[in-house]
Amino acid sequence: VGQPVLCSWVAPVQRTGAQCCLWCNTNKACVDYPVTKILPPGSLCKLSSARWGVCWVNFEALIIAMSVVGAAILLGIAVCCCCCCRRKRRRELDKSDEKEMREREERRMRQEERRAEMKSRHDEIRKKYGLFKEENPYARFENN
């Protein structure tokens, strides 16, 4: 069954491991823990005076400690999730930025090709009608 638990503050009472000790400091009694309830009812013992298990664990301290540990675990999980999401988003942005740069460069190259094509077409038309601008014969003569 288990080792007996000794609740020995005022009235030593031995409980077996199967029976949970609930020590009430107000009436100095060690009673069976009401296992159907999570917290001991106020009619049995005030929460601030209730001790649990080994008869020295204060219920209020236990609840506060468990809340702090639970909150720390939840906070840790939330931070991990945020970090993972940020990394994933950064990778997606890097890929999309790279794709955008590639597309921009392709558009620029196509635009330059179109400009060169249009310039050659316009030059042909100017030649055909004699409007082609050649080097200015009256340009300034430079002495080197």
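How each quantity is defined
Residues numbered from 1 in each chain as written. Predicted model: local features only at pLDDT ≥ 70, side-chain atom pairs only at ≥ 80, totals over all residues. Heavy atoms only, no water. UniProt positions renumbered as here; feature names shortened; annotations may be inferred. Salt bridge = Lys/Arg side-chain N within 4 Å of Asp/Glu carboxyl O. Helix = DSSP H or I, 4+ residues; strand = E, 2+ residues; numbered from the N terminus. Buried < 20%, exposed > 50% of the residue type's maximum accessible area, 1.4 Å probe, protein only. Disulfide = S-S within 2.5 Å. Core = buried A, V, L, I, M, F, W, Y, C linked by side-chain atoms within 4.5 Å. Contact = heavy atoms within 4.5 Å. Pairing = 2+ DSSP bridges.

With an unreviewed UniProt entry as reference, the protein is termed PTTG1 interacting protein, source organism Microcebus murinus. Under Subcellular location (unreviewed entry), UniProt gives the following word-for-word description of the protein: "Membrane".

A.B. asks: Explanation requested: the pattern of salt bridges in the structure shown.
C.D. replies: As a working rule, side chains carrying opposite charge can pair if their charged atoms are close by. Scanning the entire structure with this criterion turns up seven salt bridges. With its nearest N and O atoms 2.3 Å apart, the salt bridge here joins glutamate 105 to arginine 108. Here arginine 108 and glutamate 105 lie together in helix H1 (residues 59-129), a separation of three residues that amounts to about one turn. Residue class for glutamate 105 comes out partly exposed when judged on its relative accessible area of 36%. One salt bridge in this structure joins glutamate 117 and arginine 121, with 3.2 Å as the shortest N-O distance.

A.B. asks: Is there a simple way to explain the state of the cysteines in this structure?
C.D. replies: What we call a disulfide is simply a covalent bond connecting the sulfur atoms of a pair of cysteines. Tallied over the full model, the rule gives one disulfide. Note that cysteine 24 is cross-linked by a disulfide to cysteine 45, the S-S spacing being 2.0 Å. The chirality of the disulfide connecting cysteine 24 with cysteine 45 is right-handed, given an S-S dihedral of about 90°. One end of the pair, cysteine 24, is in strand S3 (residues 21-24); the other, cysteine 45, is in the loop between strand S4 (29-32) and strand S5 (50-52), and 21 residues separate them in sequence. The exposure class assigned to cysteine 24 is buried, which follows from its relative accessible area of 3%. With no disulfide of its own, cysteine 84 has cysteine 80 as its nearest cysteine by sulfur position, at a separation of 6.4 Å.

A.B. asks: Would you mind showing me how to read the nonpolar core here?
C.D. replies: Generally speaking, a soluble globular protein has its nonpolar side chains buried in company with each other. In this structure, Leu22, Cys24, Tyr33, Cys45, Ala50 and Phe59 together form the largest nonpolar core, which totals six residues. Leucine 22 has contacts with Ala29, Cys30, Val31, Tyr33, Pro34, Pro40, Leu44, Ala50, Arg51 and Phe59, leaving out every residue within four places of it along the chain.

A.B. asks: I keep staring at the sheet that holds strand S6 (residues 57-58) and nothing clicks. Help me out?
C.D. replies: Strand order across the open sheet formed by four strands is S4-S3-S5-S6, with antiparallel pairing between neighbours. At either end of the open sheet lies a strand with only one pairing partner, and these are S4 and S6. Bridge analysis of S5 against S6 gives two bridges, and the strand direction is antiparallel. Residue tryptophan 52 lies in a different strand from S6, and its bridge partner there is valine 57.

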